[in-house]
Amino acid sequence: MPLNRQQFGRDINAVVDVYRADNAWVNGWARWDQRNHMDHYIDAAFRLYDATARNQLGMTLLGGTGIRTCKELISNFGITAANGIQDQQTVWIAQQEEYRRRRGRGEGQGDGNGPVARNPVAVQGVGSILSEKDWTPILNDALIIGAATGHQTFHIALEAKEGSIWRQCEEEAREWQALNQGIRIDYPTWAWQEFMNRNIGMLWDQNYNVPRVLARELIGLSFAGYRPVFRYQELFFMPNPATPDPTFREYAVGLRQLGFHTNLQRANVMRHISEFLFDDRRAVCVPGDEYI
């Protein structure tokens, strides 16, 4: 059952000190140490939470920052934008898509590109791709908690630069599958595991030695009782209707217990993600951590 604004505030405020302590870097722009500033960011998180609960497709896309500037993804899945759009390039793409749709409905001058769907998902406001002003970890967690409360599905979307890596992994998996037809191996799962190891930067930024937002989101799905489903060219996560609605306390405290806020626990964080995805704590790891 979705929370109202008062319930949402109580849930956040129960762990507001955990968010402040474990995400001190956010003070570079959010000034969480001041109550009025924190209230502003909590309000932004609630607006996203509420919009996510009304997602027209019943699904949320997860991935790198590049998916926010992919014209095809925005056209098909829309963006959240409950607090305004984060990136100027995304603003431009959304405006172009809205104009194209108006032309398709006869509200503008066409250029021969043809009509669009009669009832396409809204370009912005209740879409499936996160693009928000006033971003903080609280806002990001609100996306996961809101969608999970609505028992929506989550889908991994790849950035353009990741496509060639995936295609290579898929090709190898299909070749092995053709050569070993009598051996029962889940080849799509193998392809995704191999892809993540070759593209470890999607989960961990090795330049700064910090986890990526996608790692945080996958951990959140594990707390919320989701399960991964692997297919060629598709990885999505299904909810367990019997799992209680997730809370910010569960999310924030769970991250702290894993040591998510400190890069000293990198191997532990990756083991949790590996077990969630592949039932194998060593399935995916940052190079150098194989034997930790």
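Every value quoted in this text rests on a predicted model; they were computed, and no experiment measured them.

A. Examining the overall build of the protein chain more closely. A count of helical and extended segments in the protein chain gives 11 helices and 6 strands. Overall, the C-alpha framework of the protein chain stretches about 55 × 55 × 40 Å when taken along its three principal axes. Within the protein chain, counting contacts between residues at least 6 apart in sequence, those at least 24 apart form 71% of the total. Accessible area for the protein chain stands at about 14600 Å²; split by element, carbon and sulfur atoms hold 48% of it. A distance of 4 Å separates the average location of the 31 positive side-chain charges in the protein chain from that of its 34 negative side-chain charges.

B. Highlighting the pairing of strand S2 (residues 153–156). Burial of S2 is two-sided: the residues Thr-153 and His-155 facing one way and the residues Phe-154 and Ile-156 facing the other way are all buried. For strand S1 (residues 59–62) and S2, the ladder comprises 4 bridges, and the chain directions are parallel. In the sheet register, Met-59 faces S2, and the bridge partner there is Thr-153. As paired strands, S2 and strand S6 (residues 234–238) are joined by 2 bridges and run antiparallel to one another. Counterpart to His-155 in the pairing with S6 is Phe-236.

C. Summary view of the pattern of salt bridges. Counting across every chain of the model gives 13 salt bridges. Asp-17 is the partner of Arg-20 in a salt bridge, and the nearest nitrogen-oxygen pair spans 3.4 Å. With a gap of 3 residues between them, Arg-20 and Asp-17 both fall in helix H2 (residues 16–22), about one helical turn apart.

D. Main features of the nonpolar core. By size, the foremost hydrophobic cluster in this structure holds 68 residues, and its most contacted members are Phe-8, Met-196, Leu-221, Phe-237 and Leu-277. Contact partners of Leu-277, with chain neighbours within four places excluded, come to Met-196, Leu-218, Pro-228, Phe-230 and Phe-237. By size, the runner-up hydrophobic cluster in this structure holds 14 residues, among which are Ala-94, Val-123, Ile-129 and Ala-157.

E. Focus on the sheet that holds S2. Spatially, S1-S2-S6-S5 is the arrangement adopted by the 4 strands of the open sheet, whose pairing is mixed. Both edges of this open sheet fall to S1 and strand S5 (227–231), since each of them pairs with a single strand only. This sheet shows a mean twist of 25 degrees between the axes of neighbouring strands, independent of strand direction. In the packing of helix H8 (residues 187–198) onto the sheet, contacts are made with S2, S5 and S6, and the angle to S5 comes to roughly 100 degrees. Against the sheet, helix H9 (residues 213–223) makes contact with S1, S2 and S6, and its axis sits at roughly 140 degrees relative to S1, the strand it touches most.

F. Region of interest: helix H10 (residues 248–258). Phe-248, Tyr-251, Ala-252, Gly-254, Leu-255 and Leu-258 are the residues of H10 that are buried. Axial view of H10: buried residues confined to an arc of 165 degrees, hence all on one face. In this fold, the buried residues of H10 make contact with helix H1 (5–13), H2, helix H6 (137–149), H9 and helix H11 (266–278). Directly after H10, the chain includes Gly-259, whose backbone phi takes a positive value near 80 degrees.

Parameters and conventions
Residues numbered from 1 in each chain as written. Predicted model: local features only at pLDDT ≥ 70, side-chain atom pairs only at ≥ 80, totals over all residues. Heavy atoms only, no water. Helix = DSSP H or I, 4+ residues; strand = E, 2+ residues; numbered from the N terminus. Contact = heavy atoms within 4.5 Å. Areas by Shrake-Rupley, 256 points an atom, 1.4 Å probe, with all protein chains shown as cover. Lys, Arg positive; Asp, Glu negative; His and termini not counted. Charge placed at Lys NZ, Arg CZ, Asp CG, Glu CD. Buried < 20%, exposed > 50% of the residue type's maximum accessible area, 1.4 Å probe, protein only. Pairing = 2+ DSSP bridges. Salt bridge = Lys/Arg side-chain N within 4 Å of Asp/Glu carboxyl O. Core = buried A, V, L, I, M, F, W, Y, C linked by side-chain atoms within 4.5 Å. Axes fitted to C-alpha atoms, helices over the stretch in contact; angles between N-to-C directions. Arc of directions from axis to C-beta.

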